[in-house]
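# Close look at the chain arrangement
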Amino acid sequence: MEIRKSAVAGTLESSDAAVTVEPKAAGAGPSLELVVECSDARFAGKVRATALAALAELGVTSARVVIRDRSALDCAIRARVLAACLRAAEQEGSPASAAPWGGRK
Amino acid sequence: MIAKLRRSMLFVPGNNPALVKDPHIYGPDSLIFDLEDSVAPTEKDAARLLVFCALKAIDYGRVEKVVRVNGMDTTWIGDDVAAMVAAGVDVIRLPKTERAEDIRALVGLIEAAEKASGRSAGEVRIMAALESPLAVLNAYEIAVASPRLVGIALSAEDFVTSMKTTRSPEGVELFEARGRIVMAARAAGIMAIDTVFTDLSDDEGLLREARLIKQMGFDGKSVINPSQIPLVHGVFAPTPEEIRKSRRIVAAAAEAEARGLGVMALDGKMIDKPIVERAARVLDLARASGMKIEEVEA
Amino acid sequence: MSRTTLGRDIPESAGDLGRLAPFMGAWARAEGVSAPRKLLSAGRPSKVLENVDEAVRRSGLESGMTVSFHHHFREGDYVVNLVMDAIARAGIRDLTLAPSSLSSIHAPLVEHCRSGVIRRICSSGLRGKLADGISHGLLDEPVLIHSHGGRARAFREGTLRPDVAFLGAPSCDPYGNARGWAGKSACGSLGYARVDARYARTVVVLTDGLEDYPALPASIGQELVDWVVPIDAVGDPKGIGVGATRISRDPRELLIARNTLAAIDAAGVLHDGFSFQTGTGGASLAVIRYLRELMIARGIKASFCLGGVTSQVAHMLEEGLVGAVLDVQSFDADTARSLASNRRHIEIDANTYADPGCPGAAVNLLDVVVLSALEVDTDFNVNVITGSDGVIRGASGGHSDTAAGSALSIVVAPLVRARTASVVDRVETIVTPGESVDILVTDRGTAVNPRRKDLKAALAAAGVELRDIQELRELARSITGDPDPVQYGDRVVGLVEYRDGTIIDAIREVR
């Protein structure tokens, strides 16, 4: 999935996470940049892992992703990352099969 | 035969992770994850994804999982249905249902989604929310529009506005609508669910309304806060007298069956199948209310 | 023979009396008369000082000594910061600070720690920036965390003795009679302060409500007080506690409270004349609401309620549902008013409340106590002092005292707070040992300590659904996942003292 613009999903309310996804400028550094800031630092590892899995789910290989986590559970992290990516990938007439329930898997 | 209880159906705003993660602990009979009125238009996609991920990841126990999708006339409903069916929803609640056609269109979406996600055909059920005078007038045709329908519900806020009146504590402005909905539901053999009571500081008002609609024949009520659940369940709990009678009826029916008799008499009245079913339902309700049936003398 | 100044001859010695001192004038020997406190010189003594700086000077406080305060003004306290600033100005250093507890309003103490005014702290609780600082190594010496009963024991034994106690009082007369139930900053009971007044070498009362003599009856009597300092405000009434404490409306806390009441009822504790105490956390306090309903429905009255008292309890006293209230700390203005006006609302000091060596400790008479927790582990050990990130943020308080003393001890907590499990394999810090905890009630289930087979049977018989604590632990883990462990350094920054003076756990520096 190609990230075409900057997009945000989620909030900074407790149990939520604010996820920003934007295109990664070509050049030095990994094509997938993930920055995680957690109100409870002990879960930073878990949040990273969940976010990477969600990105892989959509086939996002190039992006800058910033997550400001406020103790969200894994399913909320996944949902917010997916939402931000889909918003960031949006263009006229983008196919619905991009969605995680596309059913083609 | 234990019919599903829907005494309380708790609305859960679909874009709120804190509320979505464990609403079942408050013991409602059903959860209604909402993608419609509690979600801003710019957040429909995010809410859909959150409820999708939550339904897949979280164990909500024995509580029925209902999702109120967006209306049939919106651009969101296609994705809503596809996502929720794939996520494992039990019931899809269609808001602003006006006519049988709306149900048929929804069934089409559900069928396609069941196929795409590998669920058995017919697995996903439907509830219809009636929110306008036309919808209420069409209650029966809606109620029989599909075998997937498990219930029809009154949604009063929009209804009352269309009726050019306001809500009152006595509810006279809803009397006809409630009556029609219950009748249509009974005629179609499905459930009738009443509208939400929004004043969280008025327990007496909630109890009054719940007692009224129970007496009218409603099976349950939508609620917007966990604190309303024990109050509503209390209203729907059978009285000791009802339990006593029901135990006798169920016992008599069991005896009749054991003796190979078709019907039996109790206290000079014939006990046929509908009466036995109703008695069994009372005992189910009693058990669900946490009452100890054995402690009620037969 | 020697001669008095009035011309009388008296023997120089007499048997067991030894050498006799002749009379030299009505006030000649005042300074030499032995007394626990320095007696003032001739004339009608005035204990009233101009300001806090003078009080620090006249108190005899020197570097290296121990200074104490009470925490009856809670988050609204001005006294500690006011006095410590004056002490710093006087150039006094290396003090042991021994307040009954500290809250986040005491953040300015961080600077006094850095500059060496404070060398060591003994307190029941620490919060906010000071607690955070200490967790990250602000002080060289570990803080000593004691329970309310343990502090009283330490004062009585002499293992902790304030040289000077600076005690704020909303109402005090010029001779030192001080009480907490009157004045614009009324805080109710001065139960903890009474222990300081009794055992400190010098007692200074700071008041924003100087009354005419005699301000009697008093919590702290004139015979215990050396100096009185009028100040503008001892605290902020909003932080001290206005009106009535509100009962939670949070559905989760109410659910826990209902589950708790079911457990209490099933345990068979609710008979006429029972006694109880609850903490002030959301769910613990909400238990009172359901308890009251049940008591009214069954016509049961409690013989007494102990605490940590809130307006709900004061109201029950008024209603006649409770025979007496034993109050060591009043949490709101309604409670302070009740203490002032109701004969059956009685102030008790920390010794009488919870001192493990006191033959009349009230906690020993409790039938049931409901306490909150930050963490509970599968051995039922409880942590109320550090967060699950290892940082100090709470108080030992009366937790271990009441848990030990009460016949039935119930700890309540939501199974998970956001993504933090309350039920864990091993608590970060033990404050109350599992053997003192009988039941854990959460929003996802109730677990009985395996030591209490009798309770388990009683609850099961009453139809209360029970879970193994292991099940609750696994459920919590399935929701939150396993976090990375806390990164501790080697240095011990805190010692948790159990009520008997032994050390039950050590708190390490957080990296």
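Residues numbered from 1 in each chain as written. Chains lettered and ligands numbered in written order. Predicted model: local features only at pLDDT ≥ 70, side-chain atom pairs only at ≥ 80, totals over all residues. Heavy atoms only, no water.

### Looking at the pattern of salt bridges
Counted under the stated rule, the structure contains 65 salt bridges over all chains. Note that Arg452(C) is salt-bridged to Asp438(C), the shortest N-O span being 3.0 Å. Of this pair, Arg452(C) sits in the loop between strand E24 (445–448) and helix H14 (453–461) while Asp438(C) sits in the loop between strand E22 (423–424) and strand E23 (439–442), and the two are 14 residues apart along the sequence. Exposure remark for Arg452(C): the relative accessible area of 21% places this residue in the partly exposed category. One connected set of salt bridges, linked through shared partners, spans Asp34(B), Glu36(B), Arg68(B), Lys96(B), Glu131(B) and Asp158(B). (Salt bridge = Lys/Arg side-chain N within 4 Å of Asp/Glu carboxyl O. Helix = DSSP H or I, 4+ residues; strand = E, 2+ residues; numbered from the N terminus. Buried < 20%, exposed > 50% of the residue type's maximum accessible area, 1.4 Å probe, protein only.)

### Topic: the interface of chain A and chain B
Contacts between chain A and chain B engage 17 residues on the former and 21 residues on the latter. When the two sides are added together, the surface that chain A and chain B hide from each other amounts to roughly 1500 Å², 66% of it contributed by carbon and sulfur. Residue composition of the side of chain A that touches chain B, by class: ten nonpolar, three polar and four charged. (Contact = heavy atoms within 4.5 Å. Buried area = accessible area lost by both parts, 1.4 Å probe. Nonpolar A, V, L, I, M, F, W, Y, C, P; charged D, E, K, R; others polar.)

### Side note on the pairing of strand E14 (residues 325–330) of chain C
Put simply, side chains in a regular strand alternate between the two faces of the sheet. All names here are of chain C. Along E14, six of the six residues are buried, which leaves the element largely enclosed by surrounding structure. Sheet topology places strand E13 (residues 302–309) next to E14; five bridges connect them, and they run parallel. Opposite Gly307, over in E14, you have Asp327 as the bridge partner. Between E13 and its parallel partner E14, the chain crosses via helix H10 (residues 311–319), and the hand of that crossover is right-handed. In terms of strand pairing, E14 meets strand E15 (residues 345–347) through three bridges, oriented parallel. When the sheet's bridge partners are listed, Leu326 is paired in E15 with Ile346. Between the parallel elements E14 and E15, the chain passes through helix H11 (residues 333–341) in a crossover that is right-handed. (Pairing = 2+ DSSP bridges. Right-handed = clockwise from strand over helix to strand, strands pointing away.)

### Examining the nonpolar core
Judged by nonpolar contacts, the single largest core of 105 residues is most densely connected at Met84(B), Ile92(B) and Ile152(B). Those residues within four positions of Ile92(B) in sequence are excluded, and the remaining contacts are Val67(B), Val69(B), Val81(B), Met84(B), Val85(B), Leu106(B), Ile110(B), Val124(B), Arg125(B), Ile126(B) and Met127(B). In this structure, Leu61(C), Val143(C), Val205(C) and Val496(C) belong to the second largest nonpolar core, which totals 82 residues. (Core = buried A, V, L, I, M, F, W, Y, C linked by side-chain atoms within 4.5 Å.)

### Re the sheet that holds strand E12 (residues 274–278) of chain C
Residue and element names in this part refer to chain C. The strand order across the open sheet formed by eight strands is E15-E14-E13-E12-E16-E19-E23-E24, and the pairing between neighbours is mixed. Two strands lie at the open edges of the sheet, namely E15 and E24, each paired on one side alone. Mean inter-strand twist for the sheet, computed between neighbouring axes without regard to direction, equals 20°. Pairing of strand E19 (residues 408–412) with E23 involves three bridges; the strand directions are parallel. Counterpart to Ile410 in the pairing with E23 is Ile439. Each of E12, E13, strand E16 (368–372) and E19 touches helix H9 (residues 282–298); the most contacted strand, E12, lies at about 150° to it. This element, H14, spans E19, E23 and E24 of the sheet and lies at about 145° to E24. (Axes fitted to C-alpha atoms, helices over the stretch in contact; angles between N-to-C directions.)

### Focus on the packing of helix H5 (residues 148–157) of chain C against helix H6 (residues 191–199) of chain C
Residues and elements named next belong to chain C. At their nearest, the axes of H5 and H6 sit 10 Å apart, and the two run at 10° to each other. Compared by their axis directions, H5 and H6 come out roughly parallel. Residue-level inspection shows His148, Arg151, Ala152, Phe155 and Arg156 of H5 in contact with H6, the latter providing Tyr192, Val195, Asp196 and Tyr199. Taken together, the residues of the contact of H5 with H6 sort by class into five nonpolar, one polar and three charged. (Parallel < 35°, antiparallel > 145°, perpendicular 65-115°, else oblique.)

### Things to note about unusual backbone geometry
Here the amide bond leading from Tyr213(C) into Pro214(C) is cis, since omega sits at 0°, within 30 degrees of zero. Mapped onto the fold, Pro214(C) is located in the loop between strand E10 (202–207) and strand E11 (227–230). Look at the link from Leu216(C) to Pro217(C): it is a cis peptide, with omega at 0°. Among the secondary structure elements, Pro217(C) is positioned in the loop between E10 and E11. Its identity as a non-glycine residue notwithstanding, Lys96(B) has a phi of 50°, on the positive side. Within the secondary structure, Lys96(B) is located in the loop between strand E4 (91–94) and helix H4 (100–117). The phi dihedral of Phe380(C) is positive, around 70°, even though this residue is not glycine. Summarising the element assignment, Phe380(C) is placed in the loop between strand E17 (375–377) and strand E18 (382–383).

### As for the environment of Arg64(A)
Residues and elements named next belong to chain A. Turning to its location among the elements, Arg64 is positioned in strand E4 (residues 63–69). With a relative accessible area of 28%, Arg64 lands in the partly exposed category. The spacing of Arg64 and Glu2 is 62 residues in sequence and 12 Å in space, taken between C-alpha atoms. When sequence neighbours within four positions are dropped, the list of residues in contact with Arg64 reads Thr20, Val21, Glu22, Pro23, Lys24, Glu33 and Val35. For Arg64, the side chain forms a polar contact with the side chain of Glu33, separated by 3.0 Å. (Polar contact = N/O pair within 3.5 Å; in protein donor to acceptor, adjacent residues only side chain to side chain.)

### Observations regarding the interface of chain A and chain C
Taken together, the twelve residues of chain A in the interface contact twelve residues of chain C. Summed over both partners, the interface of chain A with chain C buries about 1100 Å², with 54% contributed by carbon and sulfur atoms. Sorting the residues of chain A by area buried against chain C places Arg42(A), Phe43(A) and Leu73(A) first, and these three jointly supply 62% of that buried surface. Connecting chain A to chain C are one salt bridge. Salt-bridge contacts for Arg419(C) lead to Asp74(A); the nearest nitrogen and oxygen are separated by 2.9 Å.

### Some remarks on a nonpolar patch on the surface
Residues and elements named next belong to chain C. A surface patch of nonpolar side chains, about 300 Å² in accessible area, is lined by Tyr175, Tyr213 and Leu216. With respect to the helices, strands and loops of the structure, Tyr213 is situated in the loop between E10 and E11. When its relative accessible area of 45% is taken as the criterion, Tyr213 is described as partly exposed. (Patch = residues over 30% accessible without salt bridge, like charges linked within 9 Å, V, L, I, M, F, W, Y side chains within 5 Å. Areas by Shrake-Rupley, 256 points an atom, 1.4 Å probe, with all protein chains shown as cover.)

### A look at the packing of aromatic side chains
Taken as a whole and assessed by the stated rule, the structure comprises five aromatic pairs over all chains. One cation-aromatic arrangement involves Lys44(B) over Trp76(B); the distance from NZ or CZ to the ring centre is 5.0 Å. The ring of Tyr175(C) carries the charged tip of Lys47(C) above its face, separated from the ring centre by 4.4 Å. (Phe/Tyr/Trp six-rings, centres within 6.5 Å; stacked < 30°, edge-to-face > 60°. Lys NZ or Arg CZ within 6 Å of the ring centre and 35° of its normal.)

### Here's the deal with the environment of Val384(C)
Among the secondary structure elements, Val384(C) is positioned in the loop between E18 and helix H13 (399–405). For Val384(C), the residues in contact, after removing those within four places along its chain, are Ser372(C), Ala373(C), Leu374(C), Gly394(C), Ala395(C), Ser396(C), His399(C) and Val431(C).

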